[in-house]
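# Structural features, examined
This is what each chain is made of:
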Amino acid sequence: MSIFEDKSKDVIGSDTNVSSELGGEAKDTDYTLEALGYVPELRRNRSLATLLFQSLAIAAIPYGEGGPLISSIYGGGPRAIFIGWLAILVLDECIALSLSELASRYPTSAGPYYWSFQIAKKHKVVLSFVTGWVWLVGNWTITLSVNFGFASLIAATVSLYHPAWEATSWQLLLIFYAICLLAFVIVAFGNRFLPKVDIVCAAWTAITILVILIALSVKAGAGRHSISYALAHYDTSFSGWGGFTFFIGLLPAAYCFSAIGMIASMAEEVPNPAITVPRAISLCVPVGGVAGLFFILPICFTLPPLEDILAAPGGQALPYIFGVVMDSPGGALGLMVLVLAVVLFCSISITTAASRTTWAFARDDAIPLAGLWSRVNKKLGNPVYALGLVTFVQMLLGLINIGSTSAFTAFVSVGVMALAVSYAMPIGISLFYGRREVMKARWNCGPVIGPAVNVIALLWIAFEVVLFSMPAALPVTAASMTYASVVFVGFLLISVVWYFVYARKSFKGPPESDGI
């Protein structure tokens, strides 16, 4: 079967379906979940369209690419931005297709650690536990990176009108805390409205990209570059990495699509998840990739001098570029308000997904105080305690910013690394066992394309983990050091200690299942 065909002709629900309209079909979907070993607890109030919009909200193109854009400047400028974007689209789509097969075979919010357990023939409990903890760390830190980056963008936007002001580490931390608490309140008490929020986000993002395209192209306050400069200019003098410089510039594009697998945690809130979830995951990269071209091209054609961008307040390149290209604080502020709204939507969507992941892992008794985090508030329709844990962990890790001015880069890097490793484990296990399980999935890539995209995905993830452990520029100081590897290893050590202290006795893995 090709990736463009489904084995099932009875796809449940249309894009406008919600749980109140599904009737017997919703019950059929719940029976599917019960076959996977779980009791339905969440409301199935999402559809293919809203799930795809949520994945695009998490990618948040203007923020996902624009927030860490300074890394692409260190990475050489336009070539890293444009060519890097195209390269990442191909590589990350291989990851997306690989995850889609697994999500179709085992459509549950447990995600990668459930997949590892079901596919592995030996040591499945340990493999599941390790996958789950890396998956959890990835969810927490990528959500943290979004909210911390949001705070940094707000501070950088203020500096458009007050160039002499730069937020102190404590001021930035307080802004970040306010954002975390705002996201908690919205996700906790607005669950039934969140699918509509994702629809609004998709429309808002499209409008934002269109307005930025027109505004930068028309104003071009720093001048317009030739095609050769805009698409291929490459300056290796900023990072100190020599011929490796280009790869440093891949971080923004890779960051954009690093969380594509998080949508798997929403599987218990959509009808017919065996088809709906893989479709949403596989469509996110091509749809977001095309939209992203309309965002990055006007930036490449109107860039101010690269060395000036590197001195941007707070290390935030996007507000500075807008300020120079629009040639007025007011014009830049208008564009930044649009982008900041996109980041708010992203914060809501990614916090929602992270809370589902935390809840699912706790449901299988894999984290301390699992009985608390696995509770679902029936009135609100979501796991509020798990959501609270996600918020608390973010606020705790945010303290790293007090000691390191590169905290945001560290959060971005560890999030990308952890998510990538959690994807690699079930993909690698599946490939090792000859893809026998995913070939039974209702949505799969077939015997030819499937192995090819799996191998490409694993090779890219291996390189990605090394790449994002490295600092953006040399020489490295205590302040500019990226602590991604330290945070990542620290979480792994916590998981190892927890496993031997308690979890090896209580965690038996998720329920055994033959899939669907």
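This text gives an overview of the structure that appears in the document.

Procedures and definitions
- Residues numbered from 1 in each chain as written.
- Predicted model: local features only at pLDDT ≥ 70, side-chain atom pairs only at ≥ 80, totals over all residues.
- Heavy atoms only, no water.
- Helix = DSSP H or I, 4+ residues; strand = E, 2+ residues; numbered from the N terminus.
- Polar contact = N/O pair within 3.5 Å; in protein donor to acceptor, adjacent residues only side chain to side chain.
- Contact = heavy atoms within 4.5 Å.
- Phe/Tyr/Trp six-rings, centres within 6.5 Å; stacked < 30°, edge-to-face > 60°.
- Axes fitted to C-alpha atoms, helices over the stretch in contact; angles between N-to-C directions.
- Parallel < 35°, antiparallel > 145°, perpendicular 65-115°, else oblique.
- Left-handed = near helix turned anticlockwise from the far one by under 90°.
- Nonpolar A, V, L, I, M, F, W, Y, C, P; charged D, E, K, R; others polar.
- Salt bridge = Lys/Arg side-chain N within 4 Å of Asp/Glu carboxyl O.
- Buried < 20%, exposed > 50% of the residue type's maximum accessible area, 1.4 Å probe, protein only.

Looking now at the side chain of threonine 351. Tracing the backbone through its elements, the reader meets threonine 351 in helix α17 (residues 329-363). Side-chain polar atoms of threonine 351 contact the backbone oxygen of serine 347, separated by 2.6 Å. Once you skip the residues sitting within four places of it in the chain, threonine 351 turns out to touch Thr143, Asn147, Ala183, Val187 and Leu387.

So, about the environment of histidine 233. Its location among the elements puts histidine 233 in the loop between α11 (227-232) and α12 (245-248). With 267 residues separating them in the primary sequence, histidine 233 and phenylalanine 500 have C-alpha atoms 52 Å apart. Residues in contact with histidine 233, not counting those within four places in the same chain, are Gly76, Gly77, Pro78, Arg79, Ser228 and Leu306.

All right, on to the packing of aromatic side chains then. Enumeration over the complete set of coordinates arrives at 24 aromatic pairs. Between phenylalanine 129 and tyrosine 499, the ring centres sit 4.9 Å apart and the planes meet at 50°, which makes this aromatic pair tilted. Note that phenylalanine 129 is positioned in helix α8 (residues 124-161) and tyrosine 499 in helix α22 (residues 484-506), a separation of 370 residues in sequence. Seen in terms of ring centroids, tryptophan 133 and phenylalanine 361 are 6.3 Å apart; in terms of plane orientation they differ by 80°. Their pairing is edge-to-face.

What follows is about the packing of helix α10 (residues 194-219) against α17. Following both chains from N to C, one finds α10 and α17 inclined at 150°, their axes separated by 9 Å at the closest point. Classified by the interaxial angle, the pair formed by α10 and α17 is roughly antiparallel. In this structure, α10 meets α17 at a crossing whose hand is left-handed. Facing Leu194, Val197, Asp198, Val200, Cys201, Trp204, Thr205, Thr208, Val211, Ile212, Ala215 and Leu216 of α10, the residues of α17 in contact are Leu335, Leu338, Val339, Ala341, Val342, Phe345, Ile348, Ser349 and Thr352. Of the residues belonging to the contact of α10 with α17, the class tally is 16 nonpolar, 4 polar and 1 charged.

Time to look at the pattern of salt bridges. Taken as a whole and assessed by the stated rule, the structure comprises 8 salt bridges. Linking glutamate 268 and arginine 363 is a salt bridge whose minimum nitrogen-to-oxygen distance equals 2.9 Å. Placement of glutamate 268 in the loop between α13 (251-256) and α14 (273-302) and of arginine 363 in helix α17 is noted, with a sequence separation of 95 residues between them. Neither glutamate 268 nor arginine 363 differs from the other in exposure class; each is buried. Of the charged contacts in the structure, one is a salt bridge between glutamate 269 and arginine 356, with a shortest N-O distance of 2.7 Å. Taken together, the positions of glutamate 269 in the loop between α13 and α14 and arginine 356 in helix α17 put the pair 87 residues apart, joining distant regions of the chain.

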